[in-house]
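Here are the chains, one letter per residue:
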Amino acid sequence: MSDEAPVAAEKIEGIVVGVDGSQQSKCALRWAEREAVRRGSVLNIVSAYTIPVFAASSMDAGYSTLDDDLIRGGAEDIVRQARKDLENSQATIRTYIESGDPSGVLLDLSKDAELVVVGTRGRGGFVGRLLGSVSSALPAHAKCPTVVVPLAVAKEQEGDATAAATRKAIVVGVDGSDRARAAVLAAADAAIASDLTLRLICAVAPVGAALAWMPATVDQEAVLEDVRYQMSVGVAWLTSHYPNLKIETEVVSGPPVEVLIRESEHAVLTVTGSRGRGGFAGMLLGSTSQGVLHHSKGPVMVVPDSDDPRLADRKNFDTRAND
């Protein structure tokens, strides 16, 4: 099913994927299509374009109109090809073309979307530029989870069965913050939908290296033990909401970015919060999320802050806090 319409014409729900004709956007398109089928969601293919400054500022309206027609025609070709690439899909597909800044268009759509998907880097030029700056800016400002799909995944999509077979779980990084717990809930939803195991990973940088100002009496093993206890509390809390969820946990000594990038090599999806425990109040995207986005070997989902009521009852499972 396909209905081309302006984005502003209706409220768009389901999965939104941004396309610009680049190989990266085609990779994101295929990932989004499979996710839409898995979730039973509508797949909305969106392309946005802007008019070059020299044309928009021209004194001759005729030239400006001609330029708009040409560029929009290019965007229509991109969307038409994207739809053709999915002609055998079981998903319900709708296509949209919008004149405007690609970042702004996708951010507006994130208010109602279930998920926004983009590639790591775009075509560039007047029609494109959809995925370059967008893949960095969108996760920081989006109102729904954003998935960024690296080009490396394309080889697996094209039939690299060996590489695809190594991806067996959804990985989520946790650090004890509410933002990370919101990411855990989103990751759990994805794991249940795909019937996959959820791996909770907490990376603890060595105390001596990360916190040189702390007294030498700080016991690294004691720190790790406390983290393991908090992980067990988290598992009990998560199981209460997802009784059928398969969960694995691991506490790793090492820098969080390096640990999650390593995990991404074998993860179906790597999930992080938009900001971790150490983030400043005004920081929209934490250093861990940025590092994983830039270097991940597989798809990454960044989950924004959430007021999910399930976050409040985690304290009921912490026996130490309740003593």
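Everything in this summary refers to the structure shown in the same document. Here the structure is a predicted model, which is why all the values come from computation and not from measurement.

Quick look at the packing of aromatic side chains now. Under the defined criterion, the tally for this structure stands at 0 aromatic pairs. The residue whose ring lies beneath Arg320 is Tyr229, and the NZ or CZ to ring-centre distance is 3.7 Å.

A few words on unusual backbone geometry. If a residue is not glycine, its phi is most likely negative; likewise, a peptide bond is most likely trans. For Asp195, which is not glycine, the phi dihedral falls at a positive 55°. Note on placement: Asp195 falls in the loop between helix H8 (178–194) and strand S8 (197–204).

Moving on, we get to the pairing of strand S5 (residues 115–119). Of all 5 residues making up S5, 5 are buried, and the element is well covered by its neighbours. Here S5 shows no split at all, with Leu115, Val117 and Gly119 on one side and Val116 and Val118 on the other all buried. Summarising the sheet, strand S2 (residues 15–18) and S5 pair through 3 bridges and their orientation is parallel. When the bridges of S5 are listed, Ile15 appears paired with Leu115.

With 22 residues, helix H10 (residues 220–241) extends 32 Å from end C-alpha to end C-alpha; this agrees with the ideal 32 Å at 1.5 Å per step. Every buried residue of H10 is accounted for by Leu224, Val227, Tyr229, Met231, Val233, Gly234, Trp237 and Leu238.

Our focus in this paragraph is the nonpolar core. The biggest cluster of nonpolar side chains holds 50 residues, and the ones touching the most others in it are Leu43, Ile45, Val117, Ile170, Leu198, Leu238 and Val271. A total of 8 residues in this core trace back to one element, the largest contributor, which is H8. When neighbours within four sequence positions are excluded, Ile45 is seen to be in contact with Val17, Val19, Leu29, Ala82, Arg83, Leu86, Ile93, Arg94, Thr95 and Tyr96. Among the nonpolar cores identified, the runner-up in size contains 26 residues, and Val118, Leu138, Val148 and Val302 belong to it.

Right, let's get into the environment of Gln23. Here Gln23 shows up in helix H1 (residues 23–39). Given the relative accessible area of 35%, Gln23 is considered partly exposed. Each C-alpha atom of the pair Gln23 and Leu151 lies 7.5 Å from the other, and the pair is 128 residues apart in sequence.

On to the side chain of Ser41. Mapped onto the elements of the fold, Ser41 is located in the loop between H1 and strand S3 (43–49). Ser41 gets classed as buried once you look at its relative accessible area, which sits at 10%. The residues contacting Ser41, other than those within four sequence positions of it, are Gly14, Ile15, Ala36, Thr92 and Glu114.

Glancing now at helix H4 (residues 102–109). Every buried residue of H4 is accounted for by Pro102, Ser103, Val105, Leu106 and Leu109. Mapping the buried residues of H4 onto a view down its axis gives an arc of 165°, with all of them on the same face. Capping of H4 at its N-terminal end is provided by Asp101; its side-chain oxygen lies 3.2 Å from the backbone amide nitrogen of Ser103.

Rules used throughout
- Residues numbered from 1 in each chain as written.
- Predicted model: local features only at pLDDT ≥ 70, side-chain atom pairs only at ≥ 80, totals over all residues.
- Heavy atoms only, no water.
- Phe/Tyr/Trp six-rings, centres within 6.5 Å; stacked < 30°, edge-to-face > 60°.
- Lys NZ or Arg CZ within 6 Å of the ring centre and 35° of its normal.
- Helix = DSSP H or I, 4+ residues; strand = E, 2+ residues; numbered from the N terminus.
- Buried < 20%, exposed > 50% of the residue type's maximum accessible area, 1.4 Å probe, protein only.
- Pairing = 2+ DSSP bridges.
- Expected span 1.5 Å × (residues − 1).
- Core = buried A, V, L, I, M, F, W, Y, C linked by side-chain atoms within 4.5 Å.
- Contact = heavy atoms within 4.5 Å.
- Arc of directions from axis to C-beta.
- Polar contact = N/O pair within 3.5 Å; in protein donor to acceptor, adjacent residues only side chain to side chain.

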